[in-house]
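# Architecture and fold: a report
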Amino acid sequence: MPVFSKILSLTGCAGKQQLRPYSAAAQSQLRELLGQQLSGIQEAGTFKAERIITSSQSTQITVQGSDQKILNFCANNYLGLANNPEIVQYSQQLLAKYGAGLSSVRFICGTQDIHKQLERKIAQFHGREDTILYASCFDANAGIFEAILTPEDAVFSDELNHASIIDGIRLCRAKKQRYKHRNLADLEQQLRSTDARLKLIATDGVFSMDGNIAPLARIVELAKKYDALVFVDECHATGFFGATGRGTEEYDNVMGEVDIINSTLGKALGGASGGYTTGPAELISFLRQKSRPYLFSNTLPPAVVAVGLKVMDMLLSSSELTQRVQSNTQRFREAMTKAGFTIAGENHPICPVMLGDARLASTFADEMLTRGIYVIGFSYPVVPQGKARIRVQISAAHTEAEIDRAIQAFIEVGRSLKVIK
Ligand code: PLP
């Protein structure tokens, strides 16, 4: 079987409809080149296969090839809202009223009253002056640095920031400086020795591979000392981290002191899609004029805007789900630590169960699946060599009984694989 077809069948992309035979030499060359690289990825054991889910996103899901319900511990569905009936119903209602989409970017004829309402609600939730919506947080990160920074400016970025921040910074013409992960001494040294006009510190609020937290209060302190701005990506914090879900600045007691927040509507906030920047009015206004992913990409569809609106209403009126995900997290972390596992990160629903060896992590995940628990093993190059792990993600929608079932399965597998006694 030619390499390319083999890869297609492995990825499940080879449908019943056969591709037409290609004659063009350039296209054969492309297939051959990519096919070889795909085989290399496969051989290195880093090929990302996708499990096909046949139900809605939830704590209990079904996957193709099985009718059995499995317990899901690997979604970013932190508040458990991805299939919330009230949200789905509201989304259907706005779909019926406003249609499938606007067929336009915002400044041509792609702004509805609901887009403005959602921007206002997000600004209210974060206590900011204004908000600009994007199709994703990847776009929000891709669109901000290039728009606001010039060659006279400098950006200081944590070395483990998310890929979208790295790409966004690549696009800008400011001086680019990377500081060691969460290392304030290194950051200070770099801030001290710059003569840039605008200085912007950029960090993830929560780093998603380790579930660890940016030292935001001390970053804010350094920013004040060196007259710098602070940008935080709150994708793994908005809605559920901090006492009322306001994110890392609430968790670290610096509410309102971060200058720019970017976040996603595609994780805790309903799990559909969409991203945003929230901050000073002039910044948001400027982004509407200059930010390329906003100017040159379609507006968010009404059914997706509806999800954001309903979630914001829920979060503005109650912190109950936020508290539930926090108590579920505590239950899991405490019992697993007591059982002898090492859980990385700090008080966050991302709970990496550290195993070290890559093969052990993948065997462990397979064994968990045979017990009806869906978790994913992460190994090099996604995480450093020798730091393979299973990343468990806790949701407000998990019941205590479901959390306990997962813990029990971890203990059984952990004993059988001699990870714990
Ligand atoms: N930033 C961080 C830290 C993320 O984890 C992600 C998603 O994986 C993104 C940005 C991109 O978010 P979105 O899915 O809205 O593009």
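Heads up: these notes are all about the structure in this document.

A separate point is a nonpolar patch on the surface. A contiguous nonpolar patch, built from Leu30, Leu33 and Leu34 and spanning about 260 Å² of accessible area, is present on the exposed surface. Structurally, Leu30 is set in helix α2 (residues 25-43).

Before going further, it helps to spend a moment on helix α13 (residues 302-317). Compared with the 22 Å implied by 1.5 Å per residue over 16 residues, the 23 Å span of α13 between its first and last C-alpha is a close match. With 13 of its 16 residues buried, α13 lies for the most part within the structure.

Here we take up the site of the ligand. With respect to spatial proximity, 13 residues lie near the ligand, and among them Cys137, Asp233, His236, Thr264 and Lys267 are the closest. One nitrogen or oxygen atom from the main chain of Phe138 is found 2.9 Å from an oxygen atom belonging to the ligand. Side-chain polar atom of Thr264 to an oxygen atom of the ligand: 2.7 Å apart, as the coordinates give it. Considered on its own, the ligand offers 390 Å² of accessible surface; in the complex 80% of this is hidden by protein. Counting residues per element, the shell around the ligand draws most heavily on helix α6 (residues 137-148), at three residues. When the residues that make up the shell around the ligand are grouped by side-chain class, the tally is three nonpolar, seven polar and three charged.

Once that is clear, we can look at the packing of aromatic side chains. Per the stated rule, a full pass over the model turns up eight aromatic pairs. Between Phe241 and Tyr251, the aromatic rings sit 4.4 Å apart at their centres with planes inclined by 25°, giving stacked as the arrangement. Of this pair, Phe241 sits in the loop between β9 (229-233) and α10 (248-251) while Tyr251 sits in helix α10, and the two are ten residues apart along the sequence. A relative accessible area of 3% places Phe241 in the buried class. With a centroid separation of 6.4 Å and 70° between ring planes, the pair formed by Phe341 and Phe364 is classed as edge-to-face. Pair noted here: Phe341 is in the loop between α14 (320-339) and β12 (350-356) and Phe364 is in helix α15 (residues 358-370), with a separation of 23 residues, a long-range link. Like Phe364, Phe341 is buried. An aromatic cluster of at least three residues, connected via ring pairs, comprises Phe332, Phe341, Phe364 and Phe410. In this structure, Lys310 is placed above the aromatic ring of Tyr90, and the distance from its NZ or CZ to the ring centre is 4.8 Å.

Turning our attention to unusual backbone geometry. Put simply, Tyr380 and Pro381 share a cis peptide bond, and its omega is 5°. Here Pro381 lies in the loop between β14 (376-378) and β15 (388-393). The backbone of Asn347 shows a phi angle near 50°, a positive value even though the residue is not glycine. Considering the arrangement of structural elements, one finds Asn347 in the loop between α14 and β12. With a relative accessible area of 52%, Asn347 lands in the exposed category. One non-glycine residue, Lys418, lies in the positive phi region at around 60°.

Running from N to C, helix α3 (residues 85-98) and α13 point in directions that differ by 140°, and their axes come no closer than 8 Å. For the element pair α3 / α13, the angle class is oblique. Along this stretch, α3 crosses α13, giving a crossing that reads as right-handed. Within the contact between the two elements, α3 uses Glu86, Ile87, Tyr90, Ser91, Leu94, Leu95 and Tyr98 and α13 uses Pro302, Ala303, Ala306, Val307, Leu309, Lys310, Val311 and Met314. Considering only residue class, the contact of α3 with α13 consists of twelve nonpolar, one polar and two charged.

As enumerated under the stated definition, the model contains zero disulfides in all. For Cys235, which is in no disulfide, the shortest distance to another cysteine sulfur is to Cys137 and amounts to 3.4 Å. Owing to a relative accessible area of 11%, Cys235 belongs among the buried residues under this scheme.

Residues Leu118 and Leu265 are the most contacted members of the largest nonpolar core, which totals 33 residues. Every element with two or more residues in this core is listed here: α3, α5 (113-126) and α13. When residues in this core are grouped by element, the largest group, nine residues, is from α13. Setting aside chain neighbours within four positions, we find Leu265 in contact with Leu118, Ile122, Leu133, Gly270, Gly271, Ala272, Ser273, Gly274, Gly275, Tyr276 and Leu300. In this structure, Phe364, Ile390, Ile407 and Phe410 belong to the second largest nonpolar core, which totals 27 residues.

It is worth spelling out the sheet that holds β9 at this point. Pairing is mixed in the open sheet, where seven strands are placed in the order β3-β11-β10-β9-β6-β4-β5. Across the chains shown, the open sheet's two edge strands, defined by having one partner strand only, are β3 (130-134) and β5 (175-179). Averaged over all pairs of adjacent strands, the angle between their axes in this sheet comes to 20°, without regard to strand direction. Of the pairings in the sheet, the one linking strand β4 (residues 154-158) to strand β6 (residues 199-204) comprises four bridges and is parallel in character. Across the sheet, the residue bridging to Val155 is Leu200, located in β6. The strands touched by α6 within the sheet are β3, β4, β6, β9, β10 (260-264) and β11 (275-279), with β10 carrying the most contacts at an inclination of about 155°.

Procedures and definitions
- Residues numbered from 1 in each chain as written.
- Predicted model: local features only at pLDDT ≥ 70, side-chain atom pairs only at ≥ 80, totals over all residues.
- Heavy atoms only, no water.
- Patch = residues over 30% accessible without salt bridge, like charges linked within 9 Å, V, L, I, M, F, W, Y side chains within 5 Å.
- Areas by Shrake-Rupley, 256 points an atom, 1.4 Å probe, with all protein chains shown as cover.
- Salt bridge = Lys/Arg side-chain N within 4 Å of Asp/Glu carboxyl O.
- Helix = DSSP H or I, 4+ residues; strand = E, 2+ residues; numbered from the N terminus.
- Expected span 1.5 Å × (residues − 1).
- Buried < 20%, exposed > 50% of the residue type's maximum accessible area, 1.4 Å probe, protein only.
- Near = heavy atom within 4 Å.
- Polar contact = N/O pair within 3.5 Å; in protein donor to acceptor, adjacent residues only side chain to side chain.
- Nonpolar A, V, L, I, M, F, W, Y, C, P; charged D, E, K, R; others polar.
- Phe/Tyr/Trp six-rings, centres within 6.5 Å; stacked < 30°, edge-to-face > 60°.
- Lys NZ or Arg CZ within 6 Å of the ring centre and 35° of its normal.
- Axes fitted to C-alpha atoms, helices over the stretch in contact; angles between N-to-C directions.
- Parallel < 35°, antiparallel > 145°, perpendicular 65-115°, else oblique.
- Left-handed = near helix turned anticlockwise from the far one by under 90°.
- Contact = heavy atoms within 4.5 Å.
- Disulfide = S-S within 2.5 Å.
- Core = buried A, V, L, I, M, F, W, Y, C linked by side-chain atoms within 4.5 Å.
- Pairing = 2+ DSSP bridges.

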